[in-house]
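A look at the structure
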Amino acid sequence: AQKVTQAQTEISVVEKEDVTLDCVYETRDTTYYLFWYKQPPSGELVFLIRRNSFDEQNEISGRYSWNFQKSTSSFNFTITASQVVDSAVYFCALIPARGGTSYGKLTFGQGTILTVHP
Amino acid sequence: NAGVTQTPKFQVLKTGQSMTLQCAQDMNHNSMYWYRQDPGMGLRLIYYSASEGTTDKGEVPNGYNVSRLNKREFSLRLESAAPSQTSVYFCASSGPGTVSYEQYFGPGTRLTVT
């Protein structure tokens, strides 16, 4: 079985602050993919990033950066200089890459509600 | 290119009624999925179809059935709706190969069962 935990239920920051969203996962699979999705108030789910379990390089995309540490089973997401438009629910998710009973099953964390105040 | 579309957007059912949620994708993806989203619980997988002609249960399949009609369409049926099935339902697809690709989601269907 696999599990994704986002310990922060809600985070509130003021615009221009940096904020890190934590994600910790559990899986018995040796090969897996990790994802982050954003769900703005409009309700749709927007894909942000996919990370292969073999690739521990950090990734930066504009104000977004991701820190993957296999040793601690964590895949944290940092927003630098947050903006009001970043206000959303953010989900971390995991899917096994090979066969087995969990194959094809994307498991989501509970989500972190981020509110950025002007 | 519409991506993933879902119908209807909103639905109110009475307990015991049946209905089918429709989903279609135009991205030539092999895999399709149905999730439900409840407050504080994130998204939970109901059923998925790794490829045309196959379906498998997810985390919460009870009370639901699915049909992979063709490569584009994947429907979710509630045979006898219950208040516990009040939720927001999302369809998603991924591809072109294995299920490990990122999933793209439809806009969701908000279902209320009274």
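All values derive from a computational prediction rather than experimental measurement.

**Considering the interface of chain B and chain A**
Contacts between the two partners involve 20 residues from chain B and, on the opposite side, 19 residues from chain A. Roughly 1600 Å² is buried in total at the junction of chain B and chain A, and carbon and sulfur atoms are behind 60% of that figure. Here chain B and chain A share one salt bridge between them. Residue Glu102(B) is joined to Arg50(A) by a salt bridge in which the shortest nitrogen-to-oxygen separation is 3.5 Å.

**So, the nonpolar core**
Ranked by size, the top nonpolar core spans 23 residues in total, and within it Trp36(A), Phe75(A), Phe77(A), Tyr90(A) and Leu114(A) carry the most contacts. For this core, the element with the highest residue contribution is strand β10 (residues 88–96) of chain A, accounting for four residues. Not counting residues within four places of it along the chain, the set of residues in contact with Tyr90(A) comprises Gln6(A), Leu21(A), Trp36(A), Tyr37(A), Lys38(A), Leu48(A), Tyr64(A), Phe77(A), Ile79(A), Gly111(A), Thr112(A) and Leu114(A). Counting 20 residues, the second largest nonpolar core, distinct from the first, contains Cys23(B), Tyr64(B), Cys91(B) and Leu111(B).

**Examining the packing of aromatic side chains**
Two aromatic rings, taken as a pair, are described by how far apart their centres are and by the angle between their planes. For the structure on display, the rule yields 22 aromatic pairs over all chains. Seen in terms of ring centroids, Tyr64(A) and Trp66(A) are 6.0 Å apart; in terms of plane orientation they differ by 85 degrees. Their pairing is edge-to-face. Considered together, Tyr64(A) and Trp66(A) belong to a single accessibility category, that of buried residues. With a centroid separation of 6.2 Å and 70 degrees between ring planes, the pair formed by Phe108(A) and Phe105(B) is classed as edge-to-face. Of this pair, Phe108(A) sits in strand β11 (residues 107–108) while Phe105(B) sits in strand β10 (residues 104–105), each in a different chain. As far as burial versus exposure is concerned, Phe108(A) and Phe105(B) are alike and both buried. Ring pairs connect the aromatic residues Phe35(A), Tyr37(A), Phe47(A), Phe91(A), Phe108(A), Tyr33(B), Tyr35(B), Tyr48(B), Phe90(B), Tyr104(B) and Phe105(B), which therefore count as one cluster. Of note, Lys70(A) hangs over the ring of Phe54(A), and the distance from its end group to the ring centre comes to 5.2 Å.

**Details of the side chain of Gln85(B)**
All names here are of chain B. Along the chain, the position of Gln-85 falls in the loop between β8 (74–78) and β9 (87–94). On the accessibility criterion, Gln-85 (5% relative accessible area) is buried. Each residue touching Gln-85, except ones within four places of it in the same chain, is listed here: Arg-36, Asn-62, Gly-63, Tyr-64, Leu-78, Ser-80, Leu-111 and Val-113.

**Observations regarding the pattern of salt bridges**
As a working rule, side chains carrying opposite charge can pair if their charged atoms are close by. With the rule as written, the count across this model stands at seven salt bridges over all chains. For Arg51(A), the salt bridge identified is with Asp55(A), shortest N-O distance 2.9 Å. Under the relative-accessibility criterion, Arg51(A) is labelled buried at 6%. Arg36(B) is the salt-bridge partner of Asp38(B), the closest N and O atoms lying 2.9 Å from each other. You can call Asp38(B) buried: its relative accessible area is 10%. Residues participating in the shared-partner salt-bridge network are Arg51(A), Asp55(A) and Glu59(A).

What counts and how
- Residues numbered from 1 in each chain as written.
- Chains lettered and ligands numbered in written order.
- Predicted model: local features only at pLDDT ≥ 70, side-chain atom pairs only at ≥ 80, totals over all residues.
- Heavy atoms only, no water.
- Contact = heavy atoms within 4.5 Å.
- Buried area = accessible area lost by both parts, 1.4 Å probe.
- Salt bridge = Lys/Arg side-chain N within 4 Å of Asp/Glu carboxyl O.
- Core = buried A, V, L, I, M, F, W, Y, C linked by side-chain atoms within 4.5 Å.
- Buried < 20%, exposed > 50% of the residue type's maximum accessible area, 1.4 Å probe, protein only.
- Helix = DSSP H or I, 4+ residues; strand = E, 2+ residues; numbered from the N terminus.
- Phe/Tyr/Trp six-rings, centres within 6.5 Å; stacked < 30°, edge-to-face > 60°.
- Lys NZ or Arg CZ within 6 Å of the ring centre and 35° of its normal.

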